[in-house]
Amino acid sequence: MSPVGKAGGGISVQDIMAMREQIRDRSQHIRALQEQPAPAATGTTETGGPSDFAGVLRQSLESVNASQNEASRLSEAYERGEVTDVAKVMLARQEAGVAFETTLQVRNKLLNAYQEIMRMGV
């Protein structure tokens, strides 16, 4: 059922309120993730994840890959008509895009740091 197909020719107030609530929930989840304490220098974190650089990097890349796979899955389901919540699909696609852009920026910073270290004289 498309939003335009409803009586009155538009999106209902309940639909808008539901989307607003979803956005608020996501924002609170993101804030909670940002407020978590930094992991210890070695070993594992409180959540059981790796805290060494390679492990954190691997875990981050797997997380980005998972968000991209989920966005792709939701997009395909929407195209088949299985998912009718376009806001959910677009939110997943935006999250995957932001995660990918962040990954690119981290990669660029790491490459710049590596190049700077290689230019240092001994």
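Residues numbered from 1 in each chain as written. Predicted model: local features only at pLDDT ≥ 70, side-chain atom pairs only at ≥ 80, totals over all residues. Heavy atoms only, no water.

**Q** Residue-level account of a nonpolar patch on the surface, with values.
**A** Taken together, the side chains of Phe53, Leu57, Leu61, Val106 and Leu110 present a nonpolar region at the surface, about 430 Å² in accessible area. Every element with two or more residues in the nonpolar patch is listed here: helix H2 (53–80) and helix H3 (86–119). Of all the elements, H2 adds the most residues to the nonpolar patch, at 3 residues. Inspection of the secondary structure puts Leu61 in helix H2. (Patch = residues over 30% accessible without salt bridge, like charges linked within 9 Å, V, L, I, M, F, W, Y side chains within 5 Å. Areas by Shrake-Rupley, 256 points an atom, 1.4 Å probe, with all protein chains shown as cover. Salt bridge = Lys/Arg side-chain N within 4 Å of Asp/Glu carboxyl O. Helix = DSSP H or I, 4+ residues; strand = E, 2+ residues; numbered from the N terminus.)

**Q** Tell me about the nonpolar core, and name the residues and values.
**A** Core analysis: the largest hydrophobic core is formed by 7 residues, namely Ala71, Leu74, Ala77, Val83, Val89, Ala92 and Ala96. Of all the secondary structure elements, the ones that give two or more residues to this core are H2 and H3. Excluding anything up to four places from it in sequence, Ala77 contacts Glu82 and Val83. (Core = buried A, V, L, I, M, F, W, Y, C linked by side-chain atoms within 4.5 Å. Buried < 20%, exposed > 50% of the residue type's maximum accessible area, 1.4 Å probe, protein only. Contact = heavy atoms within 4.5 Å.)

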